[in-house]
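# Structural overview for review
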Amino acid sequence: MNSTPKSFSEINSGLNSRSLTCVKLVNSYLENIQSQKDLNVFINLFEEDALKRAVEIDGRLKAGTAGKLAGMVISVKDVISVKDKPLTCASKILSGYNASYNATVIDRLLEEDAIIIGKTNCDEFAMGSSNENSFYGPVKNPVDKTRVPGGSSGASAVSVASDMCLLSLGSETGGSIRQPASYCGITGLKMTYGRLSRYGLVAFASSFDSIGIFGNNSSDIAVLLEVIAGIDKMDSTSSNEPVKNYSAILKNNIDPAKVKIGYAKEYFEEGLDSDIKNGILLQLDKLKKEGFEIREISLPHSRYVIQTYYILTSAEASSNLSRYDGVRYGYRSQNSSSLEEMYINTRSEGFGEEVKRRIMLGTYVLSAGYYDAYYRKAQKVRRLIMNDFENAFKEVDFIVSPTTPTTAFKLGEKVDDPLSMYLNDIYTASVNLAGIPAISIPAGKDRNNLPFGLQIMGKKFDEAGLLAMWNEIKY
Ligand code: GLN
């Protein structure tokens, strides 16, 4: 495997001194992709386009007219639209469908000369925690190929962990960036709801969905975020909160004496692997020694997170996914004798098991007889969970917890047990219910040498704080 630069600043100094070109860089990534094909990371590789753009950008670098992200090679989860390219969401139902426009984040990336190397595999419509629910086959964890990389943005995490690109865009609805980051030993940042435009991100559960970033260090993510964040007239839920100068903020060191860190006791109870628990407690101890104040806090509604998350996201998914009807997009079942039969056959053949389970669950909780008992009640609990965080953040600046209750499990181990799969999201889904930002940072390895992450949850729009805290975590 080629060793590729681990940071954008290393790439920039190579480009400036002419020891590196974008063409060379893209070729090294392509070779790494080729030599690790067994991991099953890309659904579509943009080999020719990426090289063509690399030539153009090398020209602009010489002329001094290149954009801010020249030399940044990025992979994109295949739930984000790139114009004229297949958009599959890892589903059979979108076979043959090409995106007719760029997602806003993609437009912003391209304007600043980033290079997109391809579209990464994921769980179908981003539903899953193992990247096994893909029409294009499961993705393997590079740390141990008998194990899952996590999901749903598993392949995005693997692409960064295995030097196939510098950064990757994934998406989150309940932990799909942070959980694979934790399983693959890298960092993933989920933004505040509304920080990044969702225009061109295929909807799973619209009041939860957000785009997120995998990367090797805080300054790379900061540079990328400055380019893609900010209000967008194409997404009415994008926020008009001014975009911070993340890179500049990161240059100032944190003063530990001014920072209070919350330790939520509900996140350290039964079900948490003992190695992970000890590893996170050790990190908290180190932070305390550095001068941070550590305070025990409570998030009393934590035990309702999984139920609330799965009721609400399935309800939203059942509505969002009604558009895949065999008429408007991709796959259509042949040989139906009526329109209704065509709808039914297309959806029965086109969606995988997990997606069908969510559509049925969502339709059920929204149905007239059960709406109050499930959907309305879950909405109320969502508010209580949000209040828990609002109260906690009156006392502390950040909340630290494990990212996941276990390290990466074996491929196939949980495919027949949806409930145990859902329980993976126990420490991550609360963040999406509340709409706050959070990051998963490598924090240790378990008895089997498998990595695990430490999660830091922050106040709304404090992505800069999370990136700065990342620099404080050393293991
Ligand atoms: N594992 C969660 C689910 O299946 C999270 C998915 C996500 O964040 N996209 O719903």
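Residues numbered from 1 in each chain as written. Predicted model: local features only at pLDDT ≥ 70, side-chain atom pairs only at ≥ 80, totals over all residues. Heavy atoms only, no water.

## Observations concerning the environment of Ile 426
Topologically, Ile 426 is positioned in the loop between α14 (418-422) and α15 (429-434). Residues Ile 426 and Glu 111 lie 315 residues apart in sequence; the distance between their C-alpha atoms is 38 Å. (Helix = DSSP H or I, 4+ residues; strand = E, 2+ residues; numbered from the N terminus.)

## Thoughts on helix α5 (residues 154-161)
Working note: α-helix, 3.6 residues per turn, so residues spaced by three or four point in the same direction. Burial of α5 is extensive: 7 of the 8 residues sit out of reach of the surface. Structurally, α5 contributes buried residues whose contacts are with β1 (42-45), β2 (73-77), β3 (115-120), β4 (167-172), α6 (178-184) and β6 (210-215). Taken from the residues just after α5, Asp 163 is the one with a positive phi, measuring 55 degrees. (Buried < 20%, exposed > 50% of the residue type's maximum accessible area, 1.4 Å probe, protein only. Contact = heavy atoms within 4.5 Å.)

## What to know about the environment of Ile 211
Structurally, the position occupied by Ile 211 is in strand β6. Judged by relative accessible area, which is 1%, Ile 211 ranks as buried. Excluding residues within four positions of it along the chain, Ile 211 makes contact with Ile 80, Val 105, Leu 169, Gly 170, Ser 171, Met 191, Leu 196, Ser 197 and Leu 201.

## Thoughts on the site of the ligand
For the ligand, the set of nearby residues contains 15 residues, the closest of which are Thr 173, Gly 174, Ser 176, Tyr 309 and Arg 358. Within the backbone of Thr 173, one N or O atom sits 2.7 Å away from an oxygen atom of the ligand. Between the ligand and Arg 358, the relevant distance is 2.8 Å, taken from an oxygen atom to a side-chain nitrogen or oxygen of the residue. Out of a free accessible area of 290 Å², the ligand has 100% covered by protein chains. Among the residues forming the shell around the ligand, the class breakdown is 5 nonpolar, 7 polar and 3 charged. (Near = heavy atom within 4 Å. Polar contact = N/O pair within 3.5 Å; in protein donor to acceptor, adjacent residues only side chain to side chain. Areas by Shrake-Rupley, 256 points an atom, 1.4 Å probe, with all protein chains shown as cover. Nonpolar A, V, L, I, M, F, W, Y, C, P; charged D, E, K, R; others polar.)

## Details of the pattern of salt bridges
Evaluated as defined, the whole model comprises 21 salt bridges. Residue Glu 172 is joined to Arg 178 by a salt bridge in which the shortest nitrogen-to-oxygen separation is 2.7 Å. On the basis of relative accessible area, Glu 172 is assigned to the buried category, the value being 0%. When its relative accessible area of 0% is taken as the criterion, Arg 178 is described as buried. One salt bridge in this structure joins Glu 395 and Arg 295, with 3.7 Å as the shortest N-O distance. Placement of the pair is Glu 395 in helix α13 (residues 372-395) and Arg 295 in strand β8 (residues 293-297), with a sequence separation of 100 residues. Residues joined by salt bridges that share partners form a network here, namely Arg 53, Arg 60 and Asp 113. (Salt bridge = Lys/Arg side-chain N within 4 Å of Asp/Glu carboxyl O.)

## Regarding a nonpolar patch on the surface
A cluster of nonpolar residues, Val 327, Leu 339, Tyr 343 and Ile 344, forms a patch on the protein surface that exposes about 360 Å² of accessible area. Here Val 327 shows up in the loop between α10 (305-320) and α11 (339-350). (Patch = residues over 30% accessible without salt bridge, like charges linked within 9 Å, V, L, I, M, F, W, Y side chains within 5 Å.)

## Re the environment of Ile 280
Checked against the element boundaries, Ile 280 lands in helix α9 (residues 274-289). Considering only alpha carbons, one finds Ile 280 and Ile 436, 156 residues apart in sequence, at a separation of 21 Å. What Ile 280 contacts, discounting residues up to four positions off in sequence, is Phe 268, Val 400, Ser 401, Pro 402, Ala 443, Phe 452, Gly 453 and Leu 454.

## Remarks on the pairing of β3
Most of β3 sits inside the fold, with 6 of its 6 residues counted as buried. Relative to β3, β2 runs parallel, the two being bridged by 5 bridges. Bridging from a neighbouring strand, Ser 75 pairs with Gly 118 of β3. Following the backbone out of β2, through helix α4 (residues 104-111) and into the adjacent parallel β3, one traces a crossover that is right-handed. (Pairing = 2+ DSSP bridges. Right-handed = clockwise from strand over helix to strand, strands pointing away.)

## Some words on the packing of α4 against helix α7 (residues 218-228)
Taken N-terminus to C-terminus, the directions of α4 and α7 make an angle of 110 degrees; their axes are 8 Å apart at the nearest point. Comparing their axes, α7 and α4 come out roughly perpendicular. Taken as a pair, α4 and α7 cross one another with a handedness that is right-handed. Residues Val 105, Arg 108 and Leu 109 of α4 touch α7, and the partners they reach there are Leu 224, Val 227 and Ile 228. Along the lines of polarity and charge, the residues of the contact of α4 with α7 split into 5 nonpolar, no polar and 1 charged. (Axes fitted to C-alpha atoms, helices over the stretch in contact; angles between N-to-C directions. Parallel < 35°, antiparallel > 145°, perpendicular 65-115°, else oblique. Left-handed = near helix turned anticlockwise from the far one by under 90°.)

## Quick word on the sheet that holds β2
Ordered in space as β1-β3-β2-β4-β6-β5-β10-β11-β9-β7-β8, the 11 strands form an open sheet in which the pairing is mixed. For this open sheet the edge positions go to β1 and β8, each flanked by a neighbour on one side alone. Between one strand axis and the next, the sheet turns by 30 degrees as a mean value, whatever way the strands run. Contacting β1, β2 and β3, helix α2 (residues 22-35) runs over the sheet at an angle of about 15 degrees to β3.

## Some points on the side chain of Ser 7
Tracing the backbone through its elements, the reader meets Ser 7 in the segment before α1 (8-16). Judged by relative accessible area, Ser 7 falls into the buried class, the value being 12%. Of note is the side chain of Ser 7, whose polar atom sits 3.1 Å from the backbone nitrogen of Glu 10.

## Regarding the packing of aromatic side chains
All told, the structure shown has 18 aromatic pairs when counted by the stated rule. Both rings, one in Tyr 309 and one in Tyr 310, keep their centres 4.8 Å apart while their planes meet at 85 degrees; by these two values the pair is edge-to-face. Taking relative accessible area as the criterion, Tyr 310 reaches 6% and is therefore assigned buried. Here the aromatic cluster, defined as three or more aromatic residues joined through ring pairs, consists of Tyr 97, Phe 125, Tyr 324, Tyr 329 and Phe 351. Over the ring of Phe 46 we find Lys 85, and its NZ or CZ is 4.7 Å from the ring centre. Between the NZ or CZ atom of Arg 382 and the centre of the ring of Phe 208, over which it lies, the distance is 4.0 Å. (Phe/Tyr/Trp six-rings, centres within 6.5 Å; stacked < 30°, edge-to-face > 60°. Lys NZ or Arg CZ within 6 Å of the ring centre and 35° of its normal.)

## Overview of α10
The first and last C-alpha atoms of α10 sit 22 Å apart over 16 residues, in line with the 22 Å expected at 1.5 Å per residue. α10 sits mainly inside the fold: 14 of its 16 residues count as buried. (Expected span 1.5 Å × (residues − 1).)

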